[in-house]
Amino acid sequence: MTMMGTEKNPLLHKRSRNWIEERIPILGRMYCEYDMAVVVLNAGSLFQAAYSFCATWMSERQKARVRVFSDAKQAEPQALLLDLAPKETWPPSIGGTASTVQHALPIPWEDPVSLAKFKARKTAGCALGVKTQYPPETSEVTEAEIEEAKKLIPQKDELGPLAAQYA
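None of these values were measured; they are calculated from a predicted model.

Definitions and cut-offs
Residues numbered from 1 in each chain as written. Predicted model: local features only at pLDDT ≥ 70, side-chain atom pairs only at ≥ 80, totals over all residues. Heavy atoms only, no water. Core = buried A, V, L, I, M, F, W, Y, C linked by side-chain atoms within 4.5 Å. Buried < 20%, exposed > 50% of the residue type's maximum accessible area, 1.4 Å probe, protein only. Helix = DSSP H or I, 4+ residues; strand = E, 2+ residues; numbered from the N terminus. Patch = residues over 30% accessible without salt bridge, like charges linked within 9 Å, V, L, I, M, F, W, Y side chains within 5 Å. Areas by Shrake-Rupley, 256 points an atom, 1.4 Å probe, with all protein chains shown as cover. Salt bridge = Lys/Arg side-chain N within 4 Å of Asp/Glu carboxyl O. Phe/Tyr/Trp six-rings, centres within 6.5 Å; stacked < 30°, edge-to-face > 60°.

Here we come to the nonpolar core. L115, A116, I146, A149 and I153 together form the largest nonpolar core, which totals five residues. Elements with a contribution of two residues or more to this core: helix 5 (112-119) and helix 6 (143-152).

Moving on, we get to a nonpolar patch on the surface. Judged by side-chain polarity, W19, I20 and I24 come together as a nonpolar surface patch covering roughly 300 Å² of accessible area. Positionally, W19 belongs in helix 1 (residues 14-30).

A word on the packing of aromatic side chains. What the rule picks out here adds up to one aromatic pair. Taken together, a centroid distance of 4.8 Å and an interplanar angle of 90° make the contact between F53 and W57 edge-to-face. Among the residues examined, F53 registers a relative accessible area of 53% and is labelled exposed. Using a relative accessible area of 63% as the deciding quantity, one classes W57 as exposed.

Laid out in structure tokens, this is it:
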């Protein structure tokens, strides 16, 4: 009990302060907020409620970098999107006109050729701790495999109400 209250704060030590002061500029350049904006489009009410709750702990600067919109096709988000890129770049679900968007459109399960190629893969697209080939190696896809893949594609009446609005 005699040592109680005699501990030293490590931040008061010169060596600790120097170490921190050297690294602050490095961390400032790498910090994820250094030069970023986050735009959330077509956000549901649950997400909006969670964000509103979390925003109470965010600084004004952080809040200014985040924009949340419930409908991407309204005027304000459309103006923001047009500032970022032309309408031809964005998919129709957010008010654009692009028919193909890398890694997004066409939706793989709606394209029988993509689905057949996916099923025909010989290697994984990525694996933890293993250097993999991208795109993964595939064999040639036959018409029979494409026809089989067509049977796997859900029809609009089989989709739930949320998925059906984007189909």
